[in-house]
Each structure stands twice: as C-alpha cells, then as structure tokens.
Amino acid sequence: MLARRLFRPSKRLVQQRQPLQPHRCLSSTPPAERPVRILYASQTGTAQLFAHQLAEGLEDEGIEEVTVQGLDEEPPESILAPGHLNLVLASCAGKGEPPDNARDFYEFVMNEPDATLPEGVDYAVFGLGNESAHPNNYNVIGKRFDSRLEELGGKRVKEMGLGDDGGCLEGDFDEWMAEVSKMITEASAEEAGESSEASGKEVEEKEQPHVECPSVVAESPEKTRPVSHKHPTLVLEPAQSNVVRRDLFHLKGSNRFYAEHTAKLKVADNHLLTSDAGDSSLHEMRVSLEKDYADETNNNGLTYETGDHLLVYPRNSDTWVRAYIDYLGVDPQAIISDDNDESYPHPTGLTVAETLSHCVDLGAPPSPRFARLILGRKDLDYVNEIANPRSTVIGLCYQAGRAKLSLEDLLYNATPMKPRHYSIASSPLRHPDQVVLVYRPVHYVNSTGNLRDGVCTSFLTHKGAVQKGDWHNFACLPAMVESNPSFRLPKDHKTPVLFIGGGCGVAPIRGFIQERVALAESNEMGPATLFMGFRNPQDECYQSLVQKALDMNALTESDIVYYSGCDMADKSQMFVSDLVRTKGEMVWDLVQRGGHIYICGGAKTFGAKVDAALIEIFQERGDMDFDAALQYLRNLVNEGRLMEDLSN
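Described in the following lines is the structure provided in the data block. Quantities reported herein were computed from a predicted structural model and do not represent experimental measurements.

**Here's the deal with helix α16 (residues 606-622)**
Phase 1: End to end, α16 covers 24 Å across 17 residues, agreeing with the expected 24 Å (1.5 Å per residue, within 8%).
Phase 2: Taken together, the buried positions of α16 are occupied by Phe606, Gly607, Val610, Asp611, Ala613, Leu614, Ile615, Ile617 and Phe618.
Phase 3: Those residues of α16 hidden inside the fold are in contact with β20 (497-502), α14 (576-582), α15 (584-592), β23 (596-602), α17 (626-638) and β24 (642-647).
Phase 4: With its phi angle positive at about 55 degrees, aspartate 623 sits one or two positions after the end of α16.

**Observations concerning the pairing of strand β5 (residues 122-129)**
Phase 1: Burial analysis of β5 places eight of its eight residues in the buried class, which makes it a mostly covered element.
Phase 2: Side chains of β5 alternate between two faces, with Asp122, Ala124, Phe126 and Leu128 and Tyr123, Val125, Gly127 and Gly129 buried alike.
Phase 3: The pairing of strand β4 (residues 85-91) with β5 spans seven bridges and is classified as parallel. Looking across to β5, one finds that leucine 87 is bridged to alanine 124.
Phase 4: Since β4 and β5 lie parallel, the crossover through helix α2 (residues 103-111) that links them has a hand, and here it is right-handed.
Phase 5: Bridge count for β5 against strand β6 (residues 155-156) is two bridges, and the pairing is parallel. Across the sheet, the residue bridging to aspartate 122 is lysine 155, located in β6.
Phase 6: The parallel pair β5 and β6 is bridged by helix α3 (residues 140-151), and the resulting crossover is right-handed.

**So, the pattern of salt bridges**
Phase 1: Tallying each qualifying case throughout the model produces 30 salt bridges.
Phase 2: For the salt bridge of aspartate 361 with arginine 420, the shortest nitrogen-to-oxygen distance reads 3.0 Å. Separated by 59 residues along the polypeptide, aspartate 361 in the loop between α6 (352-358) and α7 (368-375) and arginine 420 in strand β15 (residues 420-423) bring together distant segments of the chain.
Phase 3: Given the relative accessible area of 9%, arginine 420 is considered buried.
Phase 4: Taken together, the shared-partner salt bridges connect Glu56, Asp60, Lys230 and Arg369 into one network.

**Let's talk about the sheet that holds β24**
Phase 1: Taking strand neighbours across the sheet as the criterion, the five strands line up as β22-β21-β20-β23-β24 in an open arrangement whose pairing is parallel. Each end of this open sheet is capped by a strand with a single partner; those strands are β22 (557-562) and β24. This sheet shows a mean twist of 10 degrees between the axes of neighbouring strands, independent of strand direction.
Phase 2: Inspection of the sheet shows β23 paired to β24 by six bridges, in the parallel sense. Its bridge partner lying in β24, tyrosine 598 is registered against methionine 643.

**A look at the side chain of histidine 231**
Phase 1: Here histidine 231 is to be found in the loop between β9 (224-226) and β10 (236-237).
Phase 2: Overall, the relative accessible area of 10% leaves histidine 231 in the buried class.
Phase 3: Polar side-chain contacts of histidine 231 include one of 3.2 Å to the side chain of asparagine 413.
Phase 4: Excluding anything up to four places from it in sequence, histidine 231 contacts Glu56, Glu408, Asp409, Tyr412 and Asn413.

**Some words on the nonpolar core**
Phase 1: By size, the foremost hydrophobic cluster in this structure holds 48 residues, and its most contacted members are Leu356, Val393, Leu405, Leu410 and Leu411.
Phase 2: At the level of secondary structure, the elements contributing two or more residues to this core comprise α5 (318-328), α6, α7, α8 (382-387), α9 (393-400) and α10 (407-413).
Phase 3: When residues of this core are assigned to their parent elements, the largest contribution, five residues, is made by α5.
Phase 4: For leucine 411, the residues in contact, after removing those within four places along its chain, are Leu234, Ile336, Tyr344, Pro345, His346, Thr355, Leu356 and Val360.
Phase 5: Cys504, Met525, Ala549 and Tyr598 belong to the second-largest nonpolar core, a separate cluster that totals 34 residues.

**Here's the deal with a negative patch on the surface**
Phase 1: A cluster of like negative charges, contributed by Asp72, Glu73, Asp104 and Glu107, occupies part of the molecular surface.
Phase 2: On the secondary structure map, glutamate 73 appears in the loop between β3 (66-70) and β4.
Phase 3: Classification of glutamate 73 as partly exposed rests on a relative accessible area of 46%.

**So, the packing of α7 against α9**
When two helices pack together, you describe them by how their axes are tilted relative to each other and by the distance separating the axes.
Phase 1: Relative to each other, α7 and α9 sit at 30 degrees, their axes nearing to 9 Å. In terms of axis orientation, α7 runs roughly parallel to α9. Crossing of α7 against α9: the hand is right-handed. In contact with Phe370, Ala371, Ile374 and Leu375 of α7, α9 contributes Val393, Leu396, Cys397, Gln399 and Ala400.
Phase 2: Of the residues in the contact of α7 with α9, the class split is eight nonpolar, one polar and no charged.

**Description of the pairing of strand β21 (residues 528-534)**
Phase 1: Extensive coverage of β21 is indicated by the burial of seven of its seven residues.
Phase 2: Where β20 meets β21, six bridges bridge the pair, whose relative direction is parallel. Bridge pairing in β21 links isoleucine 500 to phenylalanine 531.
Phase 3: Crossover connection from β20 via helix α12 (residues 506-520) to parallel β21: handedness right-handed.
Phase 4: Note: β21 against β22, six bridges, orientation parallel. Looking at the pairing, threonine 529 lines up with glutamate 557 of β22.
Phase 5: Between the parallel pair β21 and β22, the chain is carried across by helix α13 (residues 543-551), and the sense of this crossover is right-handed.

**Side note on the environment of leucine 362**
Phase 1: As for its placement among the helices and strands, leucine 362 is situated in the loop between α6 and α7.
Phase 2: Residue class for leucine 362 comes out buried when judged on its relative accessible area of 2%.
Phase 3: Leucine 362 sits 31 residues away from valine 393 along the chain, and the two C-alpha atoms are 7.4 Å apart.
Phase 4: Ignoring any residue separated from it by four or fewer positions in sequence, one finds leucine 362 in contact with Asn316, Trp320, Val321, Tyr324, Leu356 and Thr392.

**Things to note about the packing of α16 against α17**
Phase 1: Packing of α16 against α17 leaves a shortest axis separation of 9 Å and a crossing angle of 115 degrees. When you trace α16 past α17, the crossing you get is right-handed. Seen from α16, the contacting residues are Asp611, Leu614, Ile615, Phe618 and Gln619; seen from α17, they are Phe626, Ala629, Leu630, Tyr632, Leu633 and Leu636.
Phase 2: Among the residues forming the contact of α16 with α17, the class breakdown is nine nonpolar, one polar and one charged.

**Side note on the environment of proline 226**
Phase 1: Positionally, proline 226 belongs in strand β9.
Phase 2: In sequence terms proline 226 and histidine 210 are 16 residues apart; their C-alpha atoms lie 4.3 Å from each other.

About the cut-offs
Along each chain, residues carry numbers from 1 onward, in the same order as the chain's sequence is written. Note on the predicted model: pLDDT of at least 70 is required for a residue's local features to be given, and 80 or more for side-chain atom pairs to be given and counted; whole-chain, interface and lining totals, by contrast, use all residues. By convention in this description, side-chain values take in all heavy atoms of the structure and omit both hydrogens and water. Put simply, DSSP marks the helices as runs of H or I at least four residues long and the strands as runs of E at least two long, and each gets a number from the N terminus on. For a helix, the expected span equals 1.5 Å multiplied by the residue count minus one. Three exposure classes are used, based on accessible area relative to the maximum for each residue type with a 1.4 Å probe and protein chains only: buried under 20%, partly exposed in between, and exposed over 50%. Between two residues, a contact is recorded if the distance between any of their heavy atoms is within 4.5 Å. Two strands qualify as a pair provided that DSSP identifies no fewer than 2 bridges between them. Note on handedness: a clockwise path from strand one over the helix to strand two, with the strands aimed away from the viewer, defines a right-handed crossover. Just to be clear on terms, a salt bridge is a Lys or Arg side-chain nitrogen sitting within 4 Å of an Asp or Glu carboxyl oxygen. A fitted line through C-alpha atoms serves as each axis, taken over the contacting stretch for helices, and the angle formed by two N-to-C directions is quoted from 0 to 180°. Under this definition, polar contacts are N or O atom pairs within 3.5 Å; protein pairs additionally need one hydrogen-donor-capable and one acceptor-capable atom, and for neighbouring residues in sequence, both atoms have to be side-chain atoms. Buried Ala, Val, Leu, Ile, Met, Phe, Trp, Tyr and Cys residues that are joined via side-chain atoms within 4.5 Å together make up what is termed a nonpolar core. Every patch collects residues that have over 30% relative accessible area and no salt bridge, joining them within 9 Å if they carry like charges and within 5 Å if they are nonpolar side chains (Val, Leu, Ile, Met, Phe, Trp, Tyr). Surface exposure here means Shrake-Rupley accessible area, sampled with a 1.4 Å probe, where a residue is shielded only by the protein chains that are shown. Counted as positive: Lys and Arg. Counted as negative: Asp and Glu, with His and the chain ends omitted from the count. Each charge is placed at NZ for Lys, CZ for Arg, CG for Asp and CD for Glu. Just so you know how the angles are binned, under 35 degrees is roughly parallel, over 145 roughly antiparallel, 65 to 115 roughly perpendicular, and the rest oblique. Left-handed describes a crossing whose near helix is turned anticlockwise from the far helix by less than a right angle; the clockwise case is right-handed. In this classification, Asp, Glu, Lys and Arg are treated as charged, Ala, Val, Leu, Ile, Met, Phe, Trp, Tyr, Cys and Pro as nonpolar, and every other residue, Gly included, as polar.

This is the structure we're talking about:
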C-alpha cells in the first residue's frame, strides 16, 4: 500500500502531545530587508525541497542574504538568529512526532525547563501536514513551534501557514511564499520610500543562450543546445556506451543515489490476485530477502517485522524518458560530468538517459515557480491549471510554445524521484526470507482528458517473476525495509483486536492475519474481528486465508462489504464506515475491554470516514458530546490502541 514518500529512511520518535492551535497575535513591526534564515524540519525531504524553493524565490525578488539550514545543523539554543527573519518549515513524522532532524530542537523548545530565545528573534512558520489522513495530528509540529516560540520571547511576524497534502500542498506553500515575499519587499520599499508594485504579470522574455557541444547534441544542425539563464551550464561528455543502467547501485559515497541499506531485491513472483476485476485489479508481488553472496548489492541480510514498510525506488517508463529526450534534443548517452558545479542536485557520472530515468519524477507536476518559468507568466492558478490535472513539465512545454526548456532548467527544477512506501503484507513467522506486497496499478483520466499512470505501480506491474531455478534471469527492485514500530499486534495474544480495511488496506491486514494464524498453532488467541471492504465482489482476495484464520480461531468474525457491483437488495453493498456504525455495540465493547483497532486504507476519505464513525459510536455508547468523543479517540491513538496505516 502506497503510503508516503521520502529521501531517506526515517526513525520514529514516540512522543505525544495534544495539538496546539496557532496564536493569531502578530508582531506590529513588519520585517524590512535584512538577512533571512530558512530552517527546515524535514522527514521525507519535502520541507527541505520547499526551503530551497523559498530561498530561490526570495533571491529572485532581490533579497540578497538568504541561508537554508536544517534544524539539526546548529545547537538548538542558537539556531534562531537575532536580527534575521527566521522562516521555519516544519513537517510531521509518525503520529504527530518531530522529524528526525528536528528532534533535538523540539526537545529544547518544548521540554527544556530553562529554554529561552535571544532577544530580537523574529519568525514565521509554515507547517506541512495532511488533514484528511491525520486529522488529529494535522500540522501539530508546526503549530507547537509557532505557539512555543512566542512563549519563549520570539516575535511572530506572520500568521502560520498550513500546508495540506490532502489538498494541494504545493499550492498552499506557493501562496504563503508569495505573502512572505510581498511582506519583505513592501517593508524594504517602505524604508526606501519606493513603490513595491510588481512591474507586470508576464515573465520577462530573454533571448535564450546556447552553447556549442557538437558531440552531445542529437538533432541541432547548429550543434548547439539551449542552456539556462539562472543555473550553471552542465558539462556534458561524449557517450561511451549505449547501455542504460537499470539501477544505480554502482554509485558510492557522497555521489550515491539510494539511501543507506537499500538493496537489490529479486522479484520471486508477481501476479494478479483476481481473475477479472479490470485494469486496476489488485496484484501481489513476492520479493526475496535471501542474500546473494555473489552480488554485494543483493542485500545485507534484510529482516522485517509484521507491520513494517518496504521502500521501493521506482524508475520512469522508457516512453517518458524518450519523450523528454526527444524534446531536449540532447544525446541520451551523453555523460553529465563529475566536473559540474556542486549545486547540481543529482549524482554525476550518469548519462542523460539514466538521470531522467532514475533521478527525476517525470510524471510529477512542476512546482509553482517552475510552472511559471515554463509558461512565461506570473498569474498562475496553480491548483486548477497544474495540481488538479497533474500537468507534467513536458505537457506544459508543448502548451507554452515558447523557447525550448534547457536541460539545466529541467534537472535543477523538476521534482526529484523519491522512494515509495508499501505496507508489507506478510509475516516473518511464515516468510522470514520473503516479503509480500499488494498493490493496485494506478490509472486515471485527468481533468484535461489525458490518461495517466502511476509511476511506481507501473514500474512494479512490469516486473517479471523469476523462473523457478533460474536466479540468473530475474527482475529486481532497489528497495529497503523501514521499521514501523508503532504499528504492531499486541504483545498479549489474548488482547481483542479489530481490523478495519478498505482496498489496498488489505496488505498490512493480510500480514497481521498471517501472523495470528502462525501464533494460533501454539498459543491461545483472543478475539479478532475483520471489517473489510472491496470495490466489488470481483475485487475480493485472500478468501482462503481468511477462512483458515476463522477455522483456527485466529479470526473470530469476518464481515466483507463491497462499494458496488451487488444487487441493491444485498446488504453487503455499503461503505466500510457504514459497517462500523452498524457494529457500534461490538466496537464499543472491544474498546472497553482494552482492545486494539487497526485502520488501513486510503488517506483521503477512508481513514477520515472511519474516524467519524468511531466518534459517533463513542458519542452514542459512551454518552459523550463531540469534543469528548474526539478526545477519547485521540487518547486511544496516544495509548497505542488505535493505529492507522493510510495511503494517498
């Protein structure tokens, strides 16, 4: 189950606090032009990416002294600089926990009894969260920072910005960034007695520079290629081979692409789970963890626990790569030299084709700033023009019909390729040397009528399985196991459990059921109930495992419902959240007996609807008002008795 994206594997910091609402009292003194320090608390790399985008945007506005730092790059007590405008971008990890690089800063400002800030610290905070997936911890880290920094003597110069990944995170950030930029430039103009009005809505059209490079240009009669006005010109070396590497394990040290502990895992099996559920049928992939001693990249003896995730690095389809190369007009086998500027954001020594294949997400919408560059205008409705239709860089290039985008502008600005999280659908008690993934190929028609496919699910779908006994001819995944210690079965096997799942949420639930079946062979098991929803009866899978669990008392009750495809009189056609409501008495009784609840499915609507159903049950059965029921649900989360594994 696809969950979220990141640059590097995360560790969980288990510390819970109730969310704080940001204060609305603001500094009466706007910040004039002065040094700007942008600080980021980033778990998945998004806040870090936004920090650099903000720095570039402020520099484009003529703000000269701008620095970007992680919150772990200086001691917590001194990283907020007096006399600077401190802009803090803060994401959340886990269940409202601080990101790894902000743990020390969080501990200092939130829990240090003698914590104080130097006099003259002005600040503004932008939070990154997902309200639909995590309504109880939405932007909680940013809210805590925003409130606490004022309590410690800091001066808030702008209301906190709330970025919602369940809506349009990039659009939210773009609006906040524009407001910050306007605030700074207006204050500077006011001091200088000048007007801060923008000169116009069109981006100034400059004659595009070209460089001669006859050995690496594919189609230009002049043997030149366009380069960027802003970014350093890339040094390209002539091709040495026609081979395009299928992975990047050869990169080492500071030039490496994959996170530490990423391994080349062999695909042992990859098949449809149902026979006739359509082009978005659920698939099952089995990935071997067995160490190949002849191949040092195969793995280092990876292990996992039930409830963990597998992080998969996808690769763009060859069709996407070819389309971009044809547009750029550069030899795909030209090598991006090691001699390039250190600001270059990707590994060097790769060919253009390898870089486009592995390092850049060619299917992702461009950032607001990049979209404006491509289209040549500032008046951009980012949500409706770019985010909602999931417009691509190449699509906007053809739409704009302007001068060709340079290779430099693409590689410096395009969204980096990030690994995707998939919930492991197996138990090491049954498969210690193998993990099972369950995924659904993503296909959709966007708001402009174009058919689009998911990058990673397409990558997985086209992975063939190893023929039995033929381990020399196999597909592989660059992947790693990420521990998820806050998502586990109770240590006491007699504790009542309730699994609530929908669609791809069957993945982690399958792993837990498989584990309970293995435990039931030698342990007395407590009651376990399954509420599971599929799109239609043809989409249902793992019936035999569920039946085996029922026969062995690893499950005591199973209710399967469908969103559609049933006779209207069939009571099994309903949403899972409605099923939860009909079972209110049973759910309340389980909670009262200390039971654990697991919610697995889509983040945008599924998790929120199930949470709403639980709150209604708590109100009715526990004689609570809404606020008390919401707090009761939060307490279950904080106690580790209500756990979620939700995906976008």
